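Per-entry structural report
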Amino acid sequence: MLINNFIYFYIGICALLIVFELVWVQYIKLYNTRKKMLKIKFKEQIIDFEKGINREINIQKLSKKLRNENNLVAFQSAYEDVIKRRNCSDYMKKILPAFIYLNGYYANRKNNMEKAYFAYVVGKDITPENAEQIDGLMETLYSFLNNKSINCRVNALSAICSVGKVNNVIRALQIINNNGSNANSILIANCLEKFSGNMHILSVKLINLFDKCIENVQIAIIKFLATIASDFDKELIEKLDDEYVSVDVKCEIMRYFQVNKSENMKEWLISELENEHIKANDLIVKAIGTLGYYEDARADALLEKLQYSEDEMILETAHRSIEKKQKQKKLISI
Amino acid sequence: METVKIILNLIEGFFIFYLMIYSLILATSVIVGTLSVYDNMHKKKLKNVFEVDKGIKISIIVPAYNEEITIADTVETLSKLEYHDYEIIVVNDGSKDNTLNKMIETYNLKEVEKFVLNKIQTKPIKKVYEGKYNDVDIILLDKENGGKADALNAGINIANNQWFISIDADSVLQSDALKKVIAPILEDDDVIASGGAIMIGNGVTLKNGRVENYDMPKNILASMQIVEYNRTFLASRILFDKVNANLIVSGAFGLFNKDIVIAAGGYAPNTRGEDMELVMKLHTFCRVNKIKYRIRYVSDAICWTQAPEKLKDLMVQRRRWHIGLYECMNNYKSIFLKPEHGIVGSLSYFYFLFYEFLSPYIEVLGVMVTVLMYIIGLININFMIAFYLFYTIMGVMISIATYCTTVYMNELEFNFTKFLKTVVLCFFEVGFLRFVLTWVRFTALFGYNKNKYFWGKVQRKHMKKA
């Protein structure tokens, strides 16, 4: 009977699902056990090498092993554990040729998750000096920046910032600019913060690149500059007067000056708000909010006046700025 | 008599067809849900995840009515999240107990003059208090009682940040929940809301928002609810998420874009399903205004909540949920099968109408017709018993499948004794609790107009801490 067949079919599907689940849970249990053992083996290899007990490593065998994603995960887990407690630079120098093989292998993989993981491993393990010895590593990471997987792109940029020089980072941002809109400013800024070289030199290069960047990259640059306590008042204030710079970028510049206070910016804010030069509402609101971070009698008077604005957002922001100042004053007096 | 036979056969046939379609939907959603969880675990293993703990500023809004037992613990745990840019806003919604003083004393809050612009109309605010704890800003709003939706709206009005999270006062966010729930926003600029998974914490021991131990609760009712929650959150939510057709972001843990919520009108006061109502409102608002949007579900952004341990409390809760569901279905009936509302107006609405709202009525009617047909002698009793038995087994198997997925997802040790206990619980849940709750939902709308605004009282307990 048809209904009976239907019922048996459904029961069959669920039974298969249960069997699959139970088998999978057991497989995961076995995998975790195997991963633990692999990790221990890798750990022993690293520690023995560093202690000078066993300095023989078969690079070809190792690189073949690390082509398997589970082995690479176990290796990485072991390495991260060991470097928490001791320096492993000798070991990394020894196995660097393995990364040359791996670079060629993962560059051509179709699996985007594996590519992303390889980029992650590079970012964690390779130093800038070592990176120069791995032929084509930067090119591989640049190619990942065009990948359709956002995780692959983010891990690649993160790795470039960790292991690359200033020019590598600039080249990476140029590639992102050419890709267009698929670039989250928070993720890019997060990656830039991982730059291991001279932050000041990087920030100068970023400011020089600024005008050629798409909006999200510009915002990311400003976020990054805000976190490293940079000194680009003049350049950023000029952007505020540039009609080709978008409102969102200008708002981000305002946020920068909330963290990195500047006399020039204070004067700019007071002048622009008093003379009502700013037209975009979002920008006015942001400017009023930023003024709340500055101590000045004129700023206070301006905020008092803006409390009575007919625009609700301006009125609210002015009130909040005054409240913030009063709170600051109370804290200072304590 | 022939006519009666035909009618009864048709009803019975419809009922069997209804149950089979439901089973197909459940089985599909469990398969999709399970595969999705595995995919997420694989991504996590290969570091295909974002580890961002700042950048998006969030306001966590905690509406509180008579929550003196849990509120201080909730805020304490919230202040220790693995995230940087957030503030906590507790809205004391005219509590009759000591909620207000508990907060002020525990966190040394000071009264402040605060300008609040009522972008959404709410009941008046009496006082505002502020303080800082563990480097996190805490704002306490004391207002006249207006209900949960009203309290949330008041929180939205005072929130300083572009994104807000609504969370229940008796819930505990896992320490990495914020990092996980913001991930869809980082991936896709069109995301306007992101919901997390609600898990029952009655048997869980938490330390600073991390799971130290996960046991089935001793209370059998709570255990059965775990089975039920697993099925919901690991199955249907994930399936609907794939097609941007989720009608619920749980009120216990949901992240929303403040500007869009305000533009859409905020939470609807005097509704018991304010979480579902808001999501339906957002779907409708964005579709009507042709705004490109996505509402996402993150299965590993976890919020632990307390399940009622007394049957009476559970019945009060489920009655309220069903009334909330009715209100949403009724308020948004105009979107049904309208082309401009796409998959939300067709698949989602259809599912929630027939398989959530109408299901208790259809099931009770089906049982009544079955009994009637047996009395008249029209039914093959062996077949019916076999059918109901198979249907029960199917429900049990689906529940077991989702239990196994939960174990895997939380990287817990698979314990055979616990597994057997779960199998037994699944039978009880599908074979007993489900019928009790079906009856509760069947009678939920009786006296609806008289008791429209009665929320009901549920007993609170502390969650276990290490």
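Computed from a predicted structure; not experimentally measured.

The next thing to look at is the overall build of chain B. Helix and strand counts for chain B come out as 14 helices and 12 strands. Relative to its length of 466 residues, chain B is compact, with a C-alpha radius of gyration of 23 Å against a globular reference of 23 Å. When the backbone C-alpha atoms are referred to their principal axes, chain B occupies close to 75 × 50 × 45 Å. Counting over 466 residues, chain B shows a buried share of 59%.

The terminal C-alpha atoms of helix 14 (residues 247-259) of chain A, which comprises 13 residues, lie 19 Å apart, in line with the 18 Å expected from a rise of 1.5 Å per residue. Taken together, the buried positions of helix 14 of chain A are occupied by A:Val249, A:Lys250, A:Cys251, A:Glu252, A:Ile253, A:Met254, A:Tyr256, A:Phe257 and A:Gln258.

Further remarks concern the pairing of strand 12 (residues 294-305) of chain B. Residue and element names in this part refer to chain B. Most of strand 12 is tucked away: 10 of the 12 residues are buried. For strand 8 (residues 191-200) and strand 12, the ladder comprises eight bridges, and the chain directions are parallel. Along strand 12, the bridge assignment pairs Ile198 with Cys303.

Right, let's get into empty space enclosed by the protein. Take a probe with the size of a water molecule and roll it over the atoms, and the empty space left behind shows itself. Residue and element names in this part refer to chain B. All chains considered together, the criterion is met by three cavities of 30 Å³ or more. Taken as a whole, the largest cavity encloses approximately 110 Å³ of empty space. Around the largest cavity, the lining residues are Tyr22, Ser23, Leu26, Arg231, Tyr391, Met394, Gly395, Ile398, Val430 and Arg434. In terms of residue count, the dominant contributor to the lining of the largest cavity is helix 13 (residues 381-409) (four residues). Taken together, the residues of the lining of the largest cavity sort by class into six nonpolar, two polar and two charged.

With that settled, the discussion passes to the interface of chain B and chain A. Counting from both sides, the interface comprises 50 residues of chain B and, opposite them, 49 residues of chain A. Both sides together, the interface formed by chain B and chain A hides about 4500 Å², and carbon and sulfur atoms give 69% of it. The largest contributions to the chain B side of the interface with chain A come from B:Leu46, B:Asn48 and B:Phe115, which together make up 15% of the buried area. The tally of links from chain B across to chain A stands at four salt bridges. Of the charged contacts in the structure, one is a salt bridge between A:Glu69 and B:Lys45, with a shortest N-O distance of 3.3 Å. Where chain B meets chain A, there are 11 residue pairs in polar contact (both at pLDDT 80 or more). Within the residue set of the side of chain B that touches chain A, elements represented by two or more residues are helix 1 (2-45), helix 4 (148-158), helix 6 (183-187) and helix 13 of chain B. With 12 residues, helix 13 of chain B is the largest single contributor of residues to the side of chain B that touches chain A. Broken down by class, the residue content of the side of chain B that touches chain A amounts to 30 nonpolar, seven polar and 13 charged.

Ranked by internal contacts, the top residues of the largest apolar core, which has 194 residues, are A:Tyr91, B:Ile58, B:Ile60 and B:Leu178. Counting 62 residues, the second largest nonpolar core, distinct from the first, contains B:Leu141, B:Ala149, B:Ile158 and B:Val261.

Looking now at the sheet that holds strand 11 (residues 253-257) of chain B. All names here are of chain B. The strand order across the open sheet formed by 10 strands is 3-4-5-2-1-6-11-8-12-7, and the pairing between neighbours is mixed. Strands with a single pairing partner mark the edges of an open sheet, and in this sheet they are strand 3 (110-112) and strand 7 (172-173). Its contacts with the sheet put helix 2 (residues 71-78) on strand 1 (58-64), strand 2 (86-93), strand 4 (125-133), strand 5 (136-143), strand 6 (163-167) and strand 7, and the angle it makes with strand 2 is roughly 165°.

Here the structure, examined in full by the defined rule, presents 37 salt bridges over all chains. Measuring nitrogen to oxygen at the nearest pair gives 2.5 Å for the salt bridge that ties B:Asp150 to B:Lys143. For the pair B:Asp150 and B:Lys143, a shared accessibility class is recorded, and that class is buried. One connected set of salt bridges, linked through shared partners, spans A:Glu263, A:Lys266, A:Glu267, A:Asp296 and A:Arg298.

A word on a nonpolar patch on the surface. Residue and element names in this part refer to chain B. On the surface, a cluster of nonpolar side chains totalling about 570 Å² of accessible area is made up of Val367, Val371, Tyr374, Ile375, Ile381 and Ile385. Mapped by element, the contributors of at least two residues to the nonpolar patch are helix 12 (359-376) and helix 13. Top element by residues in the nonpolar patch is helix 12. It accounts for four residues.

With that settled, consider the environment of B:Asn230. Among the structural elements, B:Asn230 can be located in helix 7 (residues 220-242). When the C-alpha positions of B:Asn230 and B:Ala401 are compared, they lie 9.5 Å apart, and in sequence the two are 171 residues distant.

All names here are of chain B. Despite not being glycine, Asn134 has its phi angle at roughly 50°, a positive value. Unlike most non-glycine residues, Leu337 shows phi in positive territory, near 60°. With respect to the helices and strands, Leu337 occurs in the loop between helix 10 (311-331) and helix 11 (342-357). With a relative accessible area of 60%, Leu337 lands in the exposed category.

Rules behind the numbers
- Per chain, residues are indexed from 1 in the order of the written sequence.
- Think of it this way: whatever chain is written first is A, whatever ligand is written first is 1, and the rest follow in order.
- Two thresholds apply to this predicted model, a pLDDT of at least 70 for residue-level local features and 80 or more for giving and counting side-chain atom pairs, whereas whole-chain, interface and lining totals are computed over all residues.
- Hydrogens and waters are ignored; side-chain quantities use all the structure's heavy atoms.
- A helix here means a DSSP run of H or I that spans at least four residues, while a strand means a run of E at least two residues long, and both kinds are numbered starting from the N terminus.
- For the radius of gyration, the atom set is restricted to C-alpha positions; the globular benchmark scales as 2.2 Å times the number of residues to the power 0.38.
- Relative accessibility thresholds used throughout: buried, under 20% of the residue-type maximum; exposed, over 50%; partly exposed, between the two (1.4 Å probe, protein chains only).
- One less than the number of residues in a helix, times 1.5 Å, gives the span that helix is expected to have.
- At least two DSSP bridges between two strands are required for those strands to pair.
- Residues are called lining when one of their atoms sits within 4 Å of a cavity or pocket point, these points coming from a 1 Å grid over the protein atoms alone, where a cavity is a set in which a 1.4 Å probe fits but cannot get out and a pocket is an open set with protein on both sides within 12 Å along at least five of seven lines.
- Grid points are joined across faces, edges and corners, and a volume is the space filled by probe spheres set on the points.
- Each residue gets one label: Ala, Val, Leu, Ile, Met, Phe, Trp, Tyr, Cys and Pro are nonpolar, Asp, Glu, Lys and Arg are charged, and the others, such as Gly, are polar.
- Contacts were defined at the residue level, with two residues in contact if any of their heavy atoms lie within 4.5 Å.
- In short, buried area is how much 1.4 Å probe accessible area vanishes from two parts on joining, totalled over both.
- Every case where a carboxyl oxygen of Asp or Glu lies within 4 Å of a side-chain nitrogen of Lys or Arg is listed as a salt bridge.
- Two N or O atoms form a polar contact when they lie within 3.5 Å of each other; inside protein one atom must be a possible hydrogen donor and the other a possible acceptor, and for residues adjacent in sequence the pair counts only when both atoms belong to side chains.
- Buried Ala, Val, Leu, Ile, Met, Phe, Trp, Tyr and Cys residues that are joined via side-chain atoms within 4.5 Å together make up what is termed a nonpolar core.
- Note on geometry: axes are C-alpha line fits, over the in-contact stretch for helices, and angles between N-to-C directions span 0 to 180 degrees.
- Only residues whose relative accessible area exceeds 30% and that take part in no salt bridge are eligible for patches, with like-charged residues grouped when within 9 Å of each other and nonpolar side chains (Val, Leu, Ile, Met, Phe, Trp, Tyr) grouped when within 5 Å.
- For every accessible area listed, the method is Shrake-Rupley and the probe measures 1.4 Å; residues are considered covered only by the protein chains on display.

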